[in-house]
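Working through the structure, step by step
Chain by chain, the residues:
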Amino acid sequence: MGGSNINATWFSGVNTHRMLIVVYVISSWLCVLAGLVMMARFNSARMGYGDAYLLLTVLAIILGGADPNGGFGRVTGVVLSLIALQILSTGFNLMNISQHFSLAMWGVVLILVLAIKHFKGRFHHILTLRRSQLRSRLPHLTEKKEV
């Protein structure tokens, strides 16, 4: 609801302070629920149980198309990336591949996706610079001629 500009959201009539508090409260309740589920699953409590899910979470978000610098993305892309990662994990389990190897493969996929996004951004930046240089060299193509 906040969008990319919290000030514009405030001026459009949304109480952003209340919205932020509600989001934090919902997030904390979901964290409590996740902690209770993990305690029930492992029959114990430890602070580092969720550390194994950190790489998977970051990979799903970035693979889903969200920008790691700005956080813009779509939920459908994240859901599709989670489905793809689950299929990959199930395939590794069916082939009796170690969980450590699958974690390493997820790390490799994360590095590849970030590298592709980085080089794609650089390529578009260089392409834009070349186009602007070409336009500045050929001003007669952009000027209107009188007949």
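Predicted model, so just to flag it, every value in this text is computed and none were measured. (Residues numbered from 1 in each chain as written. Predicted model: local features only at pLDDT ≥ 70, side-chain atom pairs only at ≥ 80, totals over all residues. Heavy atoms only, no water.)

1. Looking at the packing of aromatic side chains
Scanning all chains against the criterion turns up one aromatic pair. Taken together, a centroid distance of 6.1 Å and an interplanar angle of 65° make the contact between F92 and F101 edge-to-face. A relative accessible area of 42% means that F101 is categorised as partly exposed. (Phe/Tyr/Trp six-rings, centres within 6.5 Å; stacked < 30°, edge-to-face > 60°. Buried < 20%, exposed > 50% of the residue type's maximum accessible area, 1.4 Å probe, protein only.)

2. Digging into a nonpolar patch on the surface
A cluster of nonpolar side chains, namely I21, V25, W29, V32, L36 and M39, defines an oily patch on the protein surface of about 610 Å² accessible area. Structurally, L36 is set in helix α2 (residues 16-42). (Patch = residues over 30% accessible without salt bridge, like charges linked within 9 Å, V, L, I, M, F, W, Y side chains within 5 Å. Areas by Shrake-Rupley, 256 points an atom, 1.4 Å probe, with all protein chains shown as cover. Salt bridge = Lys/Arg side-chain N within 4 Å of Asp/Glu carboxyl O. Helix = DSSP H or I, 4+ residues; strand = E, 2+ residues; numbered from the N terminus.)

3. Concerning the confidence of the model for the protein chain
Caution is warranted with low-pLDDT regions, since their predicted coordinates should not be read in detail. Per-residue confidence for the protein chain gives a mean pLDDT of 83; residues scoring 70 or more make up 90%. Of all helices and strands in the protein chain, the one with the weakest mean pLDDT is helix α6 (residues 139-142) (58), whereas α2 scores best (90). (pLDDT = per-residue confidence, 0-100.)

4. Concerning the side chain of T16
Relative to the helices and strands, T16 is located in helix α2. Beyond its immediate sequence surroundings of up to four residues, T16 is in contact with I6, T9 and W10. (Contact = heavy atoms within 4.5 Å.)

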